[in-house]
Amino acid sequence: VQLPVTKMSVQLAPSVDPRMLRLVADLVEGLQAAQVSYCHWKSNEHLDAALQGLTDLDILVAGRDGAAVARVLADVGFKRFPAAPTASYPGIDDYLGFDRKSGRIIHLHLHYQLTLGEKLIKGYRIPWEDMLLANRQHDPRGIHVADPHLELVLLLVRVALKLQTRDRLFRGRRRPALGRDPLREFQWLAARVDRDRLARVTEPLVGAEATRRLIAFLTNAPTVGSLQAFRRSVRPRLATYRTYGALEARRRRWGRELWRRWRRWTRSRPAGTPSRRTLPHGGRVIAFLGCDGSGKSTVTREIASWLGWKIDVVPLYFGSGDGPASPLRQPLRLLRLVLRRRRRPARASRRVVGGPPRGWSRRILRSWWALTVAREKRDRLTLARRARNLGMIVICDRYPQSQIAGFTDGPLLSYWDDDPSPVLRYAARWEAKHYRAASTMPPDLVVKLHVSQEMALQRKPEMVAERLPRRIEAIRELAFPASVVLDIDADQPLEDVLRQVKETVWAAL
């Protein structure tokens, strides 16, 4: 097909919109300075949100500029995060960047070619890249965007190729074919095109019949039936651009759809096969340590959510308190809860913590608790190792250690190491073995949240003040010689703590 191409001179570093995130502005200016042929080719209706990091950036670049683009991305701080095999498409790379001022992760879809089509497989490669880049327009916000006439054609081709038999059967032929977001985008583009020019641009690409139907959509938005008719008229022109045959495409699409349904059903599992994006050079284990009142759980949750927006993240809780418990420990936790409610506060405050229990019944219960906790930590370490090996990021709330016994996620039965009873000695050594195993897989990054006693009590008044100094000092004493350790003053406001953590975590990826 002879494509209508309009020559366009290269523009150097236009001024950018001040609302654009600094990282995005650096990217745009870098592409301009390197004279890369590029444009933001779709979803320009909500370009503002993309430039502010609230939605993805979809940038098409000329294939010949691939090396220059890679240099620009490295210079401005974008990192490549390949999509999982069940979510990847030919000619599309995924890059993520961290904008320090806003604290947002920017997701860049870098398109070297127009890969589009059916849901989940995008089985067409449409060779309209040169035409799209040659006819790009300079947006006042400082970035090159697609010509709205070409963007409208591509939008309707994309939604038509995604149309499935189930849409016609379950939605009806007269129902609107476009969902809320595509309809808003269609209406935005329709208000910006000229009918005559649209016809001239469209006919060489999809033929006269498809062009006539497309022009009619400007008057009446497409229904399922009219969009299906448009699809029938456009497919003969696009048939030569298919990557897969009909049967192969259906097999691949159904396979990916079944896989996604399976992933949604097993989403509660802490680790498995990656389904989003991973680190190409290997995963990371990040552990957060801090005593009660340091904000550890809040910071851990915020960082997991921040990274999990676009990356495969596995959150793991290594404590034995309010987190998940194995079936072997559930009865003991219920018993512990009942006893705590019945115990008098004064008596509870006089209890000696960490000392060996008296009486065989107490010893049995303590051993049961400690050994099931050790087994849970062992299983979670196994999950962490597997996830890291697969390129995922493991976010750990606490981490097992063998340096300090009795608390701070250390072994609980160490006082029986030299006990006369061989049973008790065996239990202590079996437990210690699993805690020592944690030292063979140290975290890549350890974030220590240091809090003052006054601030900890202010945040959690129910804590016993006499125990706080020992717990605060224990966090300082824990050593991780093979890990990068970040010490943070947790007395600061949460926003300042999160900013420091995000910068360090991003540098570690």
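The following paragraphs examine the structure supplied in this document. (Residues numbered from 1 in each chain as written. Predicted model: local features only at pLDDT ≥ 70, side-chain atom pairs only at ≥ 80, totals over all residues. Heavy atoms only, no water.)

### Overview of the overall build of the protein chain
Defined as follows: Per the convention used, a helix needs a DSSP run of H or I reaching at least four residues, while a strand needs a run of E reaching at least two, with both numbered from the N terminus. Each residue gets one of three labels from its accessible area relative to the maximum for its type: buried under 20%, exposed over 50%, partly exposed in between, using a 1.4 Å probe on protein chains only. It only takes one pair of heavy atoms within 4.5 Å for two residues to be counted as in contact. Note on areas: Shrake-Rupley, 1.4 Å probe, and residue coverage restricted to the protein chains presented here. Note that His is not counted, nor are the chain ends; the positive residues are Lys and Arg, and the negative ones are Asp and Glu. The atom standing in for a charge is NZ when the residue is Lys, CZ when it is Arg, CG when it is Asp and CD when it is Glu.
What the protein chain contains, in helices and strands, is 19 helices and 14 strands. Summarising its shape, the C-alpha atoms of the protein chain cover approximately 95 × 50 × 35 Å along the three principal directions. Every one of the 509 residues in the protein chain was classed for burial, and the buried ones make up 49%. Once local pairs closer than 6 in sequence are excluded, the contacts in the protein chain between residues at least 24 apart make up 75%. Summing over all exposed atoms, the protein chain offers an accessible surface of approximately 25500 Å²; the carbon and sulfur share of this is 52%. Distance between charge centroids for the protein chain: 9 Å, based on 90 positive and 51 negative side chains.

### Comments concerning the pairing of strand S5 (residues 104-111)
Our working rule: In this scheme, strands are said to pair when DSSP sees at least two bridges between them.
Within S5, seven of the eight residues are buried, which leaves the element mostly enclosed by the surrounding structure. Of the pairings in the sheet, the one linking strand S2 (residues 57-61) to S5 comprises four bridges and is parallel in character. Considered in S5, the bridge of Ile59 is made with Leu110. Relative to S5, strand S4 (residues 92-99) is paired through eight bridges, and the arrangement is antiparallel. When the bridges of S5 are listed, Gly97 appears paired with Ile106.

### Comments concerning the sheet that holds strand S14 (residues 484-489)
Definition in use: Axis definition: a line fitted to C-alpha atoms, limited for helices to the stretch in contact. Angles are taken between N-to-C directions and run from 0 to 180 degrees.
Taken together, five strands build an open sheet; the order of strands is S11-S12-S10-S13-S14 and the sheet is parallel. The strands lining the two open edges of the sheet, one partner per strand, are strand S11 (313-317) and S14. Each strand of the sheet is rotated relative to its neighbour by a mean of 20 degrees, with strand direction disregarded. Two elements, strand S10 (residues 284-289) and strand S13 (residues 445-450), share four bridges in a ladder whose sense is parallel. Residue pairing for S13: Leu289 is matched across the bridge by Lys448. Most of the contacts of helix H12 (residues 296-308) go to strand S12 (residues 393-397), to which it runs at about 165 degrees, and overall it touches S10, S11, S12 and S13.

### Looking at the packing of aromatic side chains
Put simply, the test is: Any pair of Phe, Tyr and Trp rings, taking the six-membered ring for Trp, is counted once the centres come within 6.5 Å. Such a pair is stacked with planes under 30 degrees apart, edge-to-face with planes over 60 apart, and tilted for the rest. Look at NZ for Lys and CZ for Arg. If either is within 6 Å of the ring centre and within 35 degrees of the ring normal, a charge sits over the ring.
What the rule picks out here adds up to six aromatic pairs. A centroid spacing of 5.8 Å and a plane angle of 65 degrees characterise the contact between Phe217 and Phe230, whose relative ring orientation is edge-to-face. Here the residue Phe217 occupies a position in helix H9 (residues 208-217), and Phe230 occupies one in helix H10 (residues 224-238), the gap between them amounting to 13 residues. Summarising the burial analysis for this pair, Phe217 and Phe230 share the class buried. Between Tyr415 and Trp416, the aromatic rings sit 5.3 Å apart at their centres with planes inclined by 85 degrees, giving edge-to-face as the arrangement. A residue is classified by how much of its surface remains accessible, and Tyr415, at 23% relative accessible area, is partly exposed. The ring of Tyr89 is capped by Lys122, whose NZ or CZ atom sits 5.2 Å from the centre of that ring.

### Considering the nonpolar core
Inclusion rule: By convention a nonpolar core is built from buried Ala, Val, Leu, Ile, Met, Phe, Trp, Tyr and Cys residues, the set being connected through side-chain atoms within 4.5 Å.
Ranked by size, the top nonpolar core spans 44 residues in total, and within it Leu114, Trp128, Leu132, Phe230 and Leu238 carry the most contacts. The set of elements that each furnish at least two residues to this core consists of strand S6 (114-116), strand S7 (124-126), helix H4 (129-134), helix H5 (148-162), helix H7 (180-190), helix H8 (195-206), H9 and H10. The element best represented in this core is H5, accounting for ten residues.

### Some details on the pairing of S12
Here S12 lies mainly inside the structure; five of its five residues are buried. Taking every second residue as pointing to the same face, both faces of S12 are buried, with Ile393, Ile395 and Asp397 on one and Val394 and Cys396 on the other. Bridge analysis of S10 against S12 gives five bridges, and the strand direction is parallel. Bridge pairing links Phe288 to Asp397 in S12. The pairing of S11 with S12 spans five bridges and is parallel. The residue bridging Tyr317 from the neighbouring strand is Asp397, located in S12.

### Structural notes on helix H11 (residues 246-265)
What counts is decided by this rule: What a helix should span is 1.5 Å times the count of its residues minus one. Directions pointing from the helix axis toward each C-beta atom define the arc.
Taking 1.5 Å of rise per residue, 20 residues should cover 28 Å, and H11 covers 29 Å from first to last C-alpha, within 8% of that figure. For H11, the set of buried residues is Ala249, Arg253, Arg256 and Glu257. Viewed end-on, H11 has its buried residues packed into an arc of 100 degrees, placing them on one side of the element. Counted as exposed and oriented over 90 degrees from the buried face of H11: Leu247, Arg251, Leu258 and Trp265.

### Remarks on the pattern of salt bridges
So the rule is basically this: Any Lys or Arg side-chain nitrogen located within 4 Å of an Asp or Glu carboxyl oxygen qualifies as a salt bridge.
Enumeration according to the criterion identifies 26 salt bridges in this entry. In this structure, Glu29 engages Arg22 in a salt bridge whose closest nitrogen and oxygen atoms are separated by 3.3 Å. For Glu29, a relative accessible area of 31% puts it in the partly exposed group. Residue classification places Arg22 among the partly exposed positions, given a relative accessible area of 45%. For the salt bridge of Asp379 with Arg375, the shortest nitrogen-to-oxygen distance reads 3.9 Å. You can see Asp379 and its partner Arg375 sitting in helix H15 (residues 360-389), four residues apart, about one turn around the helix. Given the relative accessible area of 31%, Asp379 is considered partly exposed. Using a relative accessible area of 35% as the deciding quantity, one classes Arg375 as partly exposed. The structure contains a network of salt bridges with shared partners spanning Glu45, Arg180, Asp181 and Arg184.

### Looking at the side chain of Asp419
Convention followed: Throughout this description, a polar contact denotes any pair of N or O atoms lying within 3.5 Å of each other; where both atoms belong to protein, one of them has to be capable of donating a hydrogen while the other can accept it, and for residues adjacent in sequence the pair is counted only when both atoms sit in side chains.
Take Asp419: it is sitting in the loop between S12 and helix H16 (422-437). Arg363 provides the closest opposite charge to the buried, unpaired Asp419, separated from it by 4.9 Å. Looking at Asp419, its side chain comes within polar contact range of the main-chain nitrogen of Ser421, at 2.9 Å. Those residues in contact with Asp419 that sit more than four places away from it in its chain are Leu424 and Arg425.

### Topic: the side chain of Ser37
Structurally, Ser37 is set in the loop between helix H1 (22-33) and strand S1 (38-40). In this structure Ser37 comes out as buried when scored by relative accessible area, which is 14%. Sequence-distant contacts of Ser37, defined by excluding residues within four places in its chain, comprise Leu60, Val61, Ala62, Arg64, Asp65, Leu133 and Arg136.

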